[in-house]
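# Survey of secondary and tertiary structure
Read off the chains here:
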Amino acid sequence: MSARVETLHAAGPARRETAAGWSSRTAFILAAAGSAVGLGNVWKFPYIAGEYGGGAFVLVYLACVALIGLPILVAEILVGRRGGASPIHGLRLLARSEGHRDGWQLIGWLGVLGAFLILSFYSVVAGWSLAYLGHAVGGGLAAASRTAEPAAAMEGLFSALLASPSLLLLCHTLMMAATVLVVSHGVRQGLERAVRWMVPGLFALLIGLVAWAGVATGHFGDALAFLFRPSFGALTGEAVLVALGHAFFTLSVGMTAMMAYGAALNRRTSIGAASVAIAGLDTLVALLAGLAIFPVVFANGLEPGSGPGLIFVTLPIAFSQIPGGLIAATLFFAFLAMAALTSTISLLEPAVQFLEGRGWGRRGAALATGAAVWLLGVGSLLSFNLWSGYTVMGRSFFELLDFVTANVLLPLGGLLVAVYAGRVLSRDAVCDELGLGDSPAFRLWRFMLRYVSPVGVAVVFAHNLL
Ligand code: TRP
């Protein structure tokens, strides 16, 4: 790998295709969509949509994805492919080739570090879906639903999970082991082979669940109205900012994950078209997740705005009241675990590419970074129980990592990528890489990237810090 980097260095921006890259455009789109689709879509989006009142929030979120997230997604993939190396190396090489300072590689350091930190607690939450898969298959959910007070029993199940370091550790370890296993086999033999069946499988499962929710609950219309009938009275400034922040997280931008995926992309694929497909699939999954979850919630007279516990407490309660609910619950948590895995691999990939660029073997790099992430994750899972007394600024270790990454690193990374692709790289370079010519589409994209995206991000950033 280091030899390859030197070749590139001598040759300027990459023009070669790596044998180890994605085998096709479809493979890349599946992998990037798999990265984008994750806990953000299934766990977070429904509960924030519920908390912020539904329709109007959804509309603002869609606008944020299209106007701010999508241009930055294009930029990040573009920078990755043109750099043609690990995120940090690629950023440095590209900046040099345009006569700029090496300091721009700091965007890469920030992203690799940020992805590393996100993965450490993301894996813990992803582990919850494995625990619930266990509860669904092993009878825990069924037993809780047969008690005199199913709602209290389901809450008990969730608190018991959070209170158990050993169960959390087991699930977190399984999640990280699966991630390392996939990543250690490389882009084509590992990531691509995993996403080729997982991402389509995930879609099939989700569509099945939406159909079931529509038929079995009889409340599909309520869910549609909730998600798509905007009532702007309920829309607050905070809701707009949450929608924007979530648009970044859900598209996986700002943390070099998409850059790492772009580095393995062939020159024939149109980045613009691929990005529209990725953002479209990601949005579709978020909306479908809402259409699978809310009919079940409304059928049981439950609250859509019940917060982070929505899918781990409210949904199991609801599932237990409906014919076929246990099977649906099993499929749902299996789907959630798969969606999380296709995201965790993208969060490990940047650090692994970085070490590879320094001469490490892929297997060793995946194991070493995976072990380090795992260790940090142990801190997160202990902060739910044994270490819950230790807080910084009123936040547990888990909450602190979530806060710093979501509110500082993610917007900062997104902003810097927009500046880098919109202002550091020359117009000619990005025009060439995008392959759209000097078309209206190209000009619109560059305008959004140079003016609209940075201002949008700066607003969220400032607000979140204050
Ligand atoms: N997009 C994923 C989700 O919605 C999470 C994710 C994967 C991510 N890779 C990322 C977030 C990189 C930020 C940066 O669950």
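Let us look at the structure shown here. (Residues numbered from 1 in each chain as written. Predicted model: local features only at pLDDT ≥ 70, side-chain atom pairs only at ≥ 80, totals over all residues. Heavy atoms only, no water.)

### So, the overall build of the protein chain
Helix and strand counts for the protein chain come out as 20 helices and zero strands. The globule rule puts the C-alpha radius of gyration for 466 residues at 23 Å, and the 22 Å found for the protein chain is close to it. Each of the three principal axes of the protein chain carries a C-alpha extent, and together these read 70 × 45 × 45 Å. Per-residue burial for the protein chain yields a buried fraction of 58% across its 466 residues. A separation of at least 24 residues holds for 82% of the contacts in the protein chain among residues at least 6 apart in sequence. Summed over all atoms, the accessible surface of the protein chain reaches about 17100 Å², with 66% contributed by carbon and sulfur. Taking the average place of the 26 positive charges on the side chains of the protein chain and the average place of its 21 negative ones, the gap between the two points comes to 10 Å. (Helix = DSSP H or I, 4+ residues; strand = E, 2+ residues; numbered from the N terminus. Rg over C-alpha atoms; globule rule 2.2 N^0.38 Å. Buried < 20%, exposed > 50% of the residue type's maximum accessible area, 1.4 Å probe, protein only. Contact = heavy atoms within 4.5 Å. Areas by Shrake-Rupley, 256 points an atom, 1.4 Å probe, with all protein chains shown as cover. Lys, Arg positive; Asp, Glu negative; His and termini not counted. Charge placed at Lys NZ, Arg CZ, Asp CG, Glu CD.)

### Here we look at the packing of aromatic side chains
In this description, an aromatic ring pair is defined by two values, namely the gap between the centres and the angle between the planes. Under the defined criterion, the tally for this structure stands at 27 aromatic pairs. Relative to Tyr-61, the ring of Phe-45 has its centre 4.9 Å away and its plane inclined at 40°; by these criteria the two rings are tilted. Residue Phe-45 is found in helix α3 (residues 39–51), and its partner Tyr-61 is found in helix α4 (residues 55–83); the two are separated by 16 residues along the sequence. The exposure classification of Phe-45 matches that of Tyr-61, with both residues buried. Between Trp-212 and Phe-319, the ring centres sit 5.7 Å apart and the planes meet at 45°, which makes this aromatic pair tilted. Taken together, the positions of Trp-212 in helix α10 (residues 186–217) and Phe-319 in helix α15 (residues 310–320) put the pair 107 residues apart, joining distant regions of the chain. Across the pair, Phe-319 and Trp-212 agree in class, each one buried. Here the aromatic residues Phe-121, Trp-128, Tyr-132, Phe-158, Trp-212, Phe-312, Phe-319, Phe-332, Phe-333, Phe-335, Phe-384 and Phe-398 are joined through ring pairs into a cluster of three or more. For the cation-ring pair, Lys-44 lies above Phe-249, with the distance from its terminal atom to the ring centre recorded as 5.9 Å. (Phe/Tyr/Trp six-rings, centres within 6.5 Å; stacked < 30°, edge-to-face > 60°. Lys NZ or Arg CZ within 6 Å of the ring centre and 35° of its normal.)

### Some thoughts on the site of the ligand
Residues in close proximity to the ligand total 17 residues, the closest being Ala-36, Gly-40, Tyr-122, Phe-249 and Ser-252. Separating an oxygen atom of the ligand from a side-chain N or O atom of Tyr-122 is a distance of 2.5 Å. If the ligand stood free it would expose 370 Å²; the protein chains cover 100% of that surface. Structurally, the ligand is housed in the largest cavity. When residues of the shell around the ligand are traced back to their parent elements, those giving at least two are α2 (25–36), α3, α6 (106–138), α12 (237–251) and α16 (325–357). When the residues that make up the shell around the ligand are grouped by side-chain class, the tally is nine nonpolar, eight polar and no charged. (Near = heavy atom within 4 Å. Polar contact = N/O pair within 3.5 Å; in protein donor to acceptor, adjacent residues only side chain to side chain. 1 Å grid on protein atoms, 1.4 Å probe; cavity = no way out; pocket = protein on both sides within 12 Å on 5 of 7 lines; lining within 4 Å. Sits in = over half its atoms within 2 Å of the grid points. Nonpolar A, V, L, I, M, F, W, Y, C, P; charged D, E, K, R; others polar.)

### A word on the pattern of salt bridges
Tallied over the full model, the rule gives ten salt bridges. Arg-82 is paired through a salt bridge with Asp-432; the nearest N and O atoms lie 3.0 Å apart. Here Arg-82 is found in helix α4, whereas its partner Asp-432 is found in helix α19 (residues 427–434), with 350 residues between them in sequence. Residue class for Arg-82 comes out buried when judged on its relative accessible area of 8%. For Asp-438, the salt bridge goes to Arg-443, with nearest N and O atoms at 3.2 Å. (Salt bridge = Lys/Arg side-chain N within 4 Å of Asp/Glu carboxyl O.)

### Observations regarding a nonpolar patch on the surface
Together, Leu-386, Trp-387 and Tyr-390 line one region of the surface with nonpolar side chains, adding up to about 400 Å² of accessible area. A residue is classified by how much of its surface remains accessible, and Trp-387, at 41% relative accessible area, is partly exposed. (Patch = residues over 30% accessible without salt bridge, like charges linked within 9 Å, V, L, I, M, F, W, Y side chains within 5 Å.)

### Structural notes on unusual backbone geometry
The phi torsion of most residues other than glycine is negative, and most of the peptide bonds are trans. The backbone of Ser-252 sits at a positive phi, close to 60°, despite the residue not being glycine. Residue position: Ser-252 is located in the loop between α12 and α13 (257–263). Even without being glycine, Thr-256 reaches a positive phi, approximately 65°.

### Digging into the packing of helix α9 (residues 165–184) against α16
Between α9 and α16, the least distance of the axes is 9 Å, while the angle of their chain directions is 60°. Here α16 runs oblique to α9, going by the angle between their axes. By crossing handedness, the relation of α9 to α16 is classed as right-handed. Side by side, α9 and α16 meet where Met-175, Ala-178, Thr-179, Val-180, Val-182 and Val-183 of the first sit next to Ala-337, Ala-340, Leu-341, Thr-344, Ile-345, Leu-348, Glu-349 and Val-352 of the second. (Axes fitted to C-alpha atoms, helices over the stretch in contact; angles between N-to-C directions. Parallel < 35°, antiparallel > 145°, perpendicular 65-115°, else oblique. Left-handed = near helix turned anticlockwise from the far one by under 90°.)

### Points about the environment of Ala-115
Considering the arrangement of structural elements, one finds Ala-115 in helix α6. In sequence terms Ala-115 and Gly-138 are 23 residues apart; their C-alpha atoms lie 33 Å from each other. Excluding its chain neighbours within four sequence positions, the residues that come into contact with Ala-115 are Met-255, Leu-347 and Pro-350.

### Thoughts on the nonpolar core
The nonpolar side chains of a soluble globular protein tend to be buried with one another. Trp-22, Phe-28 and Phe-332 are the most contacted members of the largest nonpolar core, which totals 163 residues. Top element by residues in this core is α16. It accounts for 17 residues. Setting aside its immediate chain neighbours within four residues, Trp-22 contacts Ala-27, Phe-28, Ala-31, Val-187, Arg-188, Leu-191, Glu-192, Tyr-261, Ala-264 and Leu-265. (Core = buried A, V, L, I, M, F, W, Y, C linked by side-chain atoms within 4.5 Å.)

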